[in-house]
Amino acid sequence: MAPPFPRRSSQLAAVVREEIAKRTWVGILPGERALAEHFQVSRKTVRAALRELRAEGVIVTRKGAGSVIKTERRLRSRRGGELVPETIGLLLPRPLAEQRQHTTLWVNMLADLLGRVGYRLTIFSGRKYFADSGGRALTTLTKTHPMAGWLVAQSTRFVQRWFADSGLPAVIAGSLHQGVALPSVDIDHVALCRHAAGVLIRAGHRRIALLYPKTGRAGDLESEEGFRQGCRQSPAAITPLVVQHEDDSGSVYAATARLLELKAAPTGLLITNSTSYLTVASCLAAHHRRIPQDMSVLSRDEDSFLYHMMPVPDRYYVNPDKFAAQVKHALLTTLKGEPGTQVTVRIMPQYRTGGSVAAPASE
């Protein structure tokens, strides 16, 4: 009669595999004696289980280090006998190639960080998923491509509520709309724009404006709230102008031109989108207005191309690696599904001075 040992060792290997997936151990497994005591089995059974895990590529034995976890995998299936990492879906309204540099950088870093713990990141894009009529498209997408979890960036109120109601594990890379309860990671837009209003006011500006697109994103709405807070906190009587525009350069140009035509035109301007800074600067130049002599301009966001402008704009910087690390933490915490562990992270950017803010020539 064959001894029960092979069956028991395979059972133990399966248990150890699950514990690795849960990140009970990170980097190195406990020694044979410790594992035997922990699972109340013989060291012979432990050794056989470890051999099985080495054959699968889950662990590798390194001299002086013991059993090193080669890949901390979350396993759902096998293909040809190989262990297959689970996949996280990233949903964007536009392809990654069309995104700002900051987004591209943190997404690439996130893919690397997730790969180190056995997850793949797959990107899906399309405006149809973010429209108010996108429910059917989202249902088809999530059923056709089942994921361990979803990461949604640049999301509208509709798509946030859809994922909240779906019960699918999901994290929002962005701010949350009111009434949505999902894990989220974003810049602290309220604090940032409150600070930006203060920068302009302390420089002596009394007519200031905020320019942002009609994207329906909570972060832009929070930017307006923070900007108004900064104005209300000023001892001077500040009535801010808030102007929205369509998400294209022609609309940005037209909105800037309308501001300049006002009888009491603003002398200080905060722009939420770094690419819009280029359009605003072009419009000011066409109207013979100089930065900062005739108009002080700040950018809420930063991109590397801003460093090539003269003067270099005042802007707010968030390290994309730090952002990616926070998103990874939110995803892994969400996938564990432990009660009371919903993550909400708000990152305060670093204010970087350039040469685009100065005292107004006249008020």
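Owing to the predicted nature of the structure, the values given are computational and were not obtained by experimental measurement.

## Examining the pairing of strand β7 (residues 170-173)
Taking every second residue as pointing to the same face, both faces of β7 are buried, with A170 and I172 on one and V171 and A173 on the other. In this sheet, β7 lies alongside strand β6 (residues 149-153) in parallel orientation, the contact comprising 4 bridges. The residue of β7 that forms the bridge with A153 is A173. You can see the chain leave β6, run along helix α6 (residues 157-166) and come back into β7, and the turn it takes is right-handed. In this sheet, strand β8 (residues 184-187) lies alongside β7 in parallel orientation, the contact comprising 2 bridges. Residue pairing across strands places A173 opposite V185, the latter belonging to β8.

## A word on the nonpolar core
Of all hydrophobic cores here, the largest spans 45 residues; its most connected members are W106, L110, L151, I208, F227 and L331. Ranked by the residues each element gives to this core, the list is headed by helix α7 (residues 189-202), at 7 residues. Apart from residues no more than four positions distant in its own chain, F227 is found in contact with C193, R194, A197, I208, A209, L210, P240, L241 and L270. In this structure, L269, L284, I291 and V297 belong to the second largest nonpolar core, which totals 20 residues.

## Describing unusual backbone geometry
Note that the residue after I291, namely P292, is joined by a cis bond; omega there is 5 degrees. Within the secondary structure, P292 is located in the loop between α10 (274-286) and β12 (296-299). That bond from M310 to P311 is cis: its omega, -5 degrees, falls within 30 degrees of zero. Checked against the element boundaries, P311 lands in the loop between β12 and β13 (314-317). Although it is not a glycine, Q40 sits at a positive phi angle of roughly 55 degrees. Within the element layout of this structure, Q40 appears in the loop between α2 (32-39) and α3 (43-56).

## What about the side chain of Q154?
Within the secondary structure layout, Q154 lies in the loop between β6 and α6. For Q154, the side chain forms a polar contact with the side chain of Q99, separated by 2.5 Å. When residues no more than four places from it in sequence are discounted, the contact partners of Q154 are L92, P93, Q99, T103, F130, A173 and R217.

## Topic: the pairing of strand β11 (residues 268-271)
Side chains G268 and L270 project from β11 onto one buried face, and the interleaved L269 and I271 project onto a second face that is buried too. Across 4 bridges, the pairing between strand β9 (residues 208-213) and β11 is parallel. Across the sheet, residue I208 finds its bridge partner in β11, namely G268. Looking at chain direction, β11 and β12 are connected through 4 bridges and run parallel. Paired with L269 across the strands is V297, a residue of β12.

## So, the sheet that holds strand β10 (residues 241-245)
Strand order in the open sheet formed by 6 strands is β10-β9-β11-β12-β13-β15, and the pairing between neighbours is mixed. If you trace the sheet from one side to the other, it starts and ends with β10 and β15 (350-352), each paired once. Within this sheet the neighbouring strands show an average axis-to-axis angle of 20 degrees, counted without direction. Sheet analysis places β9 next to β10, joined by 5 bridges and oriented parallel. The residue bridging P213 from the neighbouring strand is H245, located in β10. Along the sheet, helix α8 (residues 218-232) contacts β9, β10 and β11; its crossing angle with β9, the most-contacted strand, is approximately 175 degrees.

## Focus: the packing of helix α5 (residues 135-144) against α6
Remark: α5 packs on α6, axes separated minimally by 11 Å, with the N-to-C direction vectors making an angle of 45 degrees. Classified by the angle between their axes, α5 and α6 sit oblique to one another. The chirality of how α5 crosses α6 is right-handed. Only F158, V159, W162 and F163 of α6 make contact with α5, whose side of the interface consists of G135, L138, T139 and T142. Classifying every residue of the contact of α5 with α6 by side-chain character gives 5 nonpolar, 3 polar and no charged.

## Quick word on α8
Every α-helix winds through 3.6 residues per turn, so residues three or four apart in the chain are directed the same way. In a regular helix each residue adds 1.5 Å, so 15 residues correspond to 21 Å; α8 covers 21 Å between its end C-alpha atoms and thus fits that length. Looking at the buried residues of α8, the elements they touch are β8, α7, β9, β10 and β11.

Here is what the cut-offs are and how they apply
- Residues numbered from 1 in each chain as written.
- Predicted model: local features only at pLDDT ≥ 70, side-chain atom pairs only at ≥ 80, totals over all residues.
- Heavy atoms only, no water.
- Buried < 20%, exposed > 50% of the residue type's maximum accessible area, 1.4 Å probe, protein only.
- Helix = DSSP H or I, 4+ residues; strand = E, 2+ residues; numbered from the N terminus.
- Pairing = 2+ DSSP bridges.
- Right-handed = clockwise from strand over helix to strand, strands pointing away.
- Core = buried A, V, L, I, M, F, W, Y, C linked by side-chain atoms within 4.5 Å.
- Contact = heavy atoms within 4.5 Å.
- Polar contact = N/O pair within 3.5 Å; in protein donor to acceptor, adjacent residues only side chain to side chain.
- Axes fitted to C-alpha atoms, helices over the stretch in contact; angles between N-to-C directions.
- Parallel < 35°, antiparallel > 145°, perpendicular 65-115°, else oblique.
- Left-handed = near helix turned anticlockwise from the far one by under 90°.
- Nonpolar A, V, L, I, M, F, W, Y, C, P; charged D, E, K, R; others polar.
- Expected span 1.5 Å × (residues − 1).

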